[in-house]
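Each chain, written out:
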Amino acid sequence: TQLLEQSPQFLSIQEGENLTVYCNSSSVFSSLQWYRQEPGEGPVLLVTVVTGGEVKKLKRLTFQFGDARKDSSLHITAAQTGDTGLYLCAGEPAGNKLTFGGGTRVLVKP
Amino acid sequence: DTAVSQTPKYLVTQMGNDKSIKCEQNLGHDTMYWYKQDSKKFLKIMFSYNNKELIINETVPNRFSPKSPDKAHLNLHINSLELGDSAVYFCASSPSPAGGEDTQYFGPGTRLTVL
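A. Examining the sheet that holds strand β3 (residues 19–25) of chain B more closely. Residue and element names in this part refer to chain B. Spatial strand order, β1-β3-β8-β7: four strands in an open sheet with antiparallel pairing. For this open sheet the edge positions go to β1 (4–7) and β7 (64–70), each flanked by a neighbour on one side alone. On average, each strand axis in the sheet is tilted by 20 degrees relative to the strand beside it, whichever way the strands run. Alignment of β7 against strand β8 (residues 73–78), held across five bridges, turns out to be antiparallel. Residue Phe64 lies in a different strand from β8, and its bridge partner there is Ile78.

Below, the structure written as structure tokens:
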């Protein structure tokens, strides 16, 4: 059982559609991060959320941290083919050790 | 200028061999990491060094030995390679060992295939 569960594992949509991916845990996190990883490359940080209930926007991407700081979501509006990638959430439960979720593979078709 | 670089990008070798992967960061960060990403894309930390000192050592076989000659470099040596070692290995760095508070910058990865 992973500390951070991401759902869905895979999402395929048409360009222009909206999508939401989820990151859930039974543990409380002081902060959660979202990374995007493109094929053949390393993950790149998109955002860090630190306050329960916080909403952060990055262009068409909206990130939310749950009130209880146990979960987070990433919503993409009007997806583009460039949004294709593996989306990873990550948090630090204890001991300065970043723990990653299993990831959601997003495929945006033209 | 590449912030975190790894060599080689691809490594194909026979079972039982010994191999090394090198990592360098030019960001001036104090902390460096090695992660393993398996075929299901699950990314898991292996080691972390802060100013050349080992601070995180996950449950990794003794065949894996990291070395940090200085804070800009973190190498990974693997002895007696096994089939299950096949994966993509990522090096990363961050300004401090603050875990989820700091941004981690990842290298492009080294795809290791053990035959």
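B. Highlighting the environment of His75 of chain A. Residue and element names in this part refer to chain A. For His75, the location among the structural elements is in strand β8 (residues 71–76). In this structure the C-alpha to C-alpha distance between His75 and Phe63, which are twelve residues apart in sequence, comes to 6.4 Å. When residues no more than four places from it in sequence are discounted, the contact partners of His75 are Asn18, Leu19, Thr20, Arg60, Leu61 and Thr62. Here Leu19 takes part through its backbone oxygen, which lies 3.2 Å from a polar atom of the side chain of His75.

C. Quick peek at unusual backbone geometry. Ser7 of chain A connects to Pro8 of chain A through a cis peptide bond whose omega is -10 degrees. Take Pro8 of chain A: it is sitting in the loop between β1 (5–7) and β2 (10–14). The linkage connecting Thr7 of chain B with the following residue, Pro8 of chain B, adopts the cis geometry, with an omega of -5 degrees. Note that Pro8 of chain B resides in the loop between β1 and β2 (10–13). At Lys59 of chain A, a position not held by glycine, the phi torsion is positive, near 55 degrees. Residue placement: Lys59 of chain A occurs in the loop between β6 (55–58) and β7 (61–65). For Lys41 of chain B, which is not glycine, the phi torsion reads 75 degrees and is therefore positive. Structurally, Lys41 of chain B can be placed in the loop between β4 (31–37) and β5 (43–50).

D. Structural view of the state of the cysteines. Summed over all chains, the structure comprises two disulfides over all chains. With a sulfur-sulfur separation of 2.0 Å, Cys23 of chain A is cross-linked through a disulfide to Cys89 of chain A. Looking down the S-S bond of the Cys23 of chain A and Cys89 of chain A bridge, the torsion is 75 degrees, so its handedness is right-handed. In this pair, Cys23 of chain A sits in strand β3 (residues 19–24) while Cys89 of chain A sits in strand β9 (residues 85–91), placing the two residues 66 residues apart along the sequence. For Cys23 of chain A, a relative accessible area of 0% translates into the label buried. Judged by relative accessible area, which is 0%, Cys89 of chain A ranks as buried. Each sulfur in the disulfide pair Cys23 of chain B and Cys91 of chain B lies 1.8 Å from the other. Looking down the S-S bond of the Cys23 of chain B and Cys91 of chain B bridge, the torsion is -75 degrees, so its handedness is left-handed. Of the two residues, Cys23 of chain B is situated in strand β3 and Cys91 of chain B in strand β9 (residues 87–94); the sequence distance between them amounts to 68 residues. For Cys23 of chain B, a relative accessible area of 1% corresponds to the buried category.

Thresholds, definitions, all that
Residues numbered from 1 in each chain as written. Chains lettered and ligands numbered in written order. Predicted model: local features only at pLDDT ≥ 70, side-chain atom pairs only at ≥ 80, totals over all residues. Heavy atoms only, no water. Pairing = 2+ DSSP bridges. Helix = DSSP H or I, 4+ residues; strand = E, 2+ residues; numbered from the N terminus. Axes fitted to C-alpha atoms, helices over the stretch in contact; angles between N-to-C directions. Contact = heavy atoms within 4.5 Å. Polar contact = N/O pair within 3.5 Å; in protein donor to acceptor, adjacent residues only side chain to side chain. Disulfide = S-S within 2.5 Å. Buried < 20%, exposed > 50% of the residue type's maximum accessible area, 1.4 Å probe, protein only.

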